[in-house]
Amino acid sequence: MPVATAIDFAAMEAVLHHAAAEGRHFLLEHEVYAFLRHMGAETVPQARFFPRGVRIADHELQGLPGDQVVLKIVSPAIVHKSDVG
């Protein structure tokens, strides 16, 4: 039997108000995940930020859940990760 998840309407509204306060009519990726999480939806298990030039240690990679890792590059100079090989 599924467990009921409470919907946090106030938190959902706060995400929308934050975007509106910045003059945006859209949500950034991390805001979408927060909005969905507050809705009780299943979201990505976690996200980590690694600054440019940092080598990810083996123990950090092994500590990630699951058997697959998705890489997202955020850079004004790189349109798609395939551009850097």
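Our subject is the structure listed above.
Residues numbered from 1 in each chain as written. Predicted model: local features only at pLDDT ≥ 70, side-chain atom pairs only at ≥ 80, totals over all residues. Heavy atoms only, no water.

Enquirer: Lay out helix H2 (residues 29-39) in plain terms, naming residues and giving numbers.
Expert: Where H2 is concerned, the buried positions are Glu31, Ala34 and Phe35. Along H2, the residues classed as buried sweep out an arc of 100° about the axis, all on the same side. Of the residues one or two after H2, Gly40 is the one with positive phi, at around 95°. (Buried < 20%, exposed > 50% of the residue type's maximum accessible area, 1.4 Å probe, protein only. Helix = DSSP H or I, 4+ residues; strand = E, 2+ residues; numbered from the N terminus. Arc of directions from axis to C-beta.)

Enquirer: Explain a nonpolar patch on the surface to me, using residue names and the numbers behind them.
Expert: Nonpolar side chains collect at one region of the surface, where Ile7, Phe9 and Met39 lie side by side and expose about 310 Å² of accessible area between them. Its location among the elements puts Ile7 in the segment before helix H1 (9-21). (Patch = residues over 30% accessible without salt bridge, like charges linked within 9 Å, V, L, I, M, F, W, Y side chains within 5 Å. Areas by Shrake-Rupley, 256 points an atom, 1.4 Å probe, with all protein chains shown as cover. Salt bridge = Lys/Arg side-chain N within 4 Å of Asp/Glu carboxyl O.)

Enquirer: Now, about the pattern of salt bridges: what can you tell me, with residues and values included?
Expert: Considering all chains together, one arrives at three salt bridges under this definition. Arg24 is the partner of Glu22 in a salt bridge, and the nearest nitrogen-oxygen pair spans 2.9 Å. Residue classification places Arg24 among the buried positions, given a relative accessible area of 11%. Salt-bridge contacts for Asp58 lead to Arg55; the nearest nitrogen and oxygen are separated by 3.9 Å. Residue class for Arg55 comes out exposed when judged on its relative accessible area of 64%. Sharing partners across several salt bridges, the network here consists of Glu22, Arg24 and Glu31.

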